Amino acid sequence: MARSSSHPAGRKRTGKRRTLKIFLVGLAVLLLLLVLNAFALDRETGSASLNVDGAKLVSTTSGDIQVLDTGEPVTTDPSAPDPLPVVLIHGSGGAINWWDDLIPLISPTNRTIAVDMLGYGGSSKPDSGYSMTNQANLIAQVLSKLGTGPAIIVGHSLGGNVATALAEQSPALVAGVTIIDDAPSRDYGGLGGTAKLARMPLIGQALWRISPDFMVRKSIEQAFAPGFPVADKYVEDINEMTYTAYKDSYTEGTDFTAESPLNTRLTAVGKPLLVIFGEEDQIFPARESISAYAAIPGVQTMLIPGVGHSPQVEAPQKTAIAILDFANGVAESLEPPPAPKPEPKPKKNKQQGQNKKKNGQSGKQGQGNQQNQQQQKSGQDKQKAAAAN
C-alpha cells in the first residue's frame, strides 16, 4: 500500500522538473534570440537614396546626405537687405518631410535648404557617427559645397542640438540660430512610453523588430498637441531608420546637453537667437524651457498657444512669420552702414566776388601807376646828367 501511494507523488515531482527544464530552455532560447537580434540590429546599415522630389545627394566624410535646396528666390525687393538663406534641421525620428508645410512659406523670399541628418530619411545610415558634433560637421560640409554663406540655422527638437553645435564649430556659416521646442537639456524632460523602452538594451531591439505601425504612431503622438493627427509619412520615417541611428542619436544628444546645456552654449556663441515653443509641448515643459533661454542677451522668444512639440507642422504660418521676421532683422543688422555723404562746398557770396574783382583791378591800376612814376623819374635823371655834361 505504501509503494502504490508514493508512485503518483514521484511522477508529479518529475513532471514539475520537466516543466522547469522546458521553461529554462525556452528562456535561454529567447535570451539567445534577443542577443542575436540586438547583435544584428546594432550592425545594420543602409545606403543613401533619394526619396524627396527635387532633392539631391551631397557627399560628406561620413556618407551621402540628402538635401533639398530651393535655390535663390525669383523676386526680391532691391531696396531691402539681401535675404539670408534658411537651413532646416529636423528632430529625432524625423526627416525633410517634417518641413513640408513650412518650406513653401519661406522659399518665396529666402533660399531654403532642408537636410536629412546622417541616419535619417534618404541619407546614408552607417553603424556610427551620430554625435551632435559630427552631424554639425557634415551639415557644414554640405553648406560649404552649396556656397550658402552665413545662414539662419533652424533646428527642431534634436536638430536644435545640431544647430547649436554648428554655430560653435562653424560660426562663419551661421548668421543666427532658431531653436524650435528643444529644451536646454534632458533634465527638463524627454520622450516617454514605448519611445523610451525602445532605447533599452535587448528590449529596445526586440520592440524595434516587432512593433507594429500603430505602436509607432502612438509613440509619435507625443510630438504634437493632444489629439493632433499623426500622418502616415511620419510613421514611415521611423520605419526607414536603422536601430543604431535611432538609439545613438538620442544618446548622443543627451550626452551633448549633459556636458553643457544649450542655453550655456548659445550664450557663449553670441549669435542672434530665436526660441519658439508650442505651449502644449508633451515632451518638454514649454514655459520652463523658454525661461531658461530668456537670460541670453538679445534672445527673442515665442510661445504658440494650442500647439505641441512641432509648431512647423501644427502652426506653419505662425512659425514661418516668426522665422522670416527674425531672418530679416538679422540681415538688416549685417548690412554695412551707408557711407557718409560729402559735405557741400560753401557757396560764394556774389558781393564778395565783385569786391574781389574790384580789388584785383585796383591792384593792377596801382602797379601801372608805380611803373609810370618809375619811368618818369628815370627820364628826369637822364636829363640832369646830360645838362651837367
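Below: a short report on this structure. (Residues numbered from 1 in each chain as written. Predicted model: local features only at pLDDT ≥ 70, side-chain atom pairs only at ≥ 80, totals over all residues. Heavy atoms only, no water.)

1. Things to note about helix H11 (residues 286-293)
Keep this limit in mind: Classification of residues uses two cut-offs on accessible area relative to the type maximum, computed with a 1.4 Å probe and protein chains only: under 20% is buried, over 50% is exposed, and between them is partly exposed. Helix and strand definitions follow DSSP, with helices as H or I runs of at least four residues and strands as E runs of at least two, each counted in order from the N terminus. Throughout, the arc means that of the directions going from the helix axis to the C-beta atoms. In what follows, residue pairs with any heavy atoms lying within 4.5 Å of each other are defined as contacts.
If you check which residues of H11 are buried, you get Ala286, Ser289, Ile290, Ala292 and Tyr293. Around the axis of H11, the buried residues are gathered within 155° of arc, so they sit on the same side. For H11, the exposed residues lying more than 90 degrees away from the buried face are Arg287 and Ser291. Buried positions along H11 lie against strand S6 (174-180), helix H10 (262-269), strand S7 (273-278) and strand S8 (300-304).

2. Things to note about unusual backbone geometry
The backbone of Ser157 sits at a positive phi, close to 55°, despite the residue not being glycine. Within the secondary structure layout, Ser157 lies in the loop between strand S5 (151-156) and helix H4 (158-169). With a phi close to 50°, Asp181 is a non-glycine residue in the positive phi region. The topology assignment puts Asp181 in the loop between S6 and helix H5 (194-197).

3. Notes on the nonpolar core
To keep things clear, this is the line we draw: Here, nonpolar core refers to any group of buried Ala, Val, Leu, Ile, Met, Phe, Trp, Tyr and Cys residues whose side-chain atoms link them within 4.5 Å.
Judged by nonpolar contacts, the single largest core of 58 residues is most densely connected at Ile153 and Ile220. By residue number, the principal contributor to this core is helix H3 (residues 132-146), which donates eight residues. Apart from the residues lying within four places of it in its own chain, the contact partners of Ile153 are Val87, Ile89, Leu143, Ala163, Leu166, Leu173, Val174, Gly176, Val177 and Thr178. In this structure, Ile96, Trp99, Ile152 and Val307 belong to the second largest nonpolar core, which totals 28 residues.

4. Side note on the pairing of strand S3 (residues 86-89)
Let me state the cut-off plainly: At least two DSSP bridges between two strands are needed for those strands to be called paired.
Of the two faces of S3, the one lined by Val86 and Leu88 and the one lined by Val87 and Ile89 are each fully buried. In this sheet, strand S4 (residues 112-115) lies alongside S3 in parallel orientation, the contact comprising four bridges. Paired with Leu88 across the bridge in S4 is Ala114. As defined by bridge partners, S3 adjoins S5 across four bridges and the pair is classed as parallel. Counterpart to Val86 in the pairing with S5 is Ile152.

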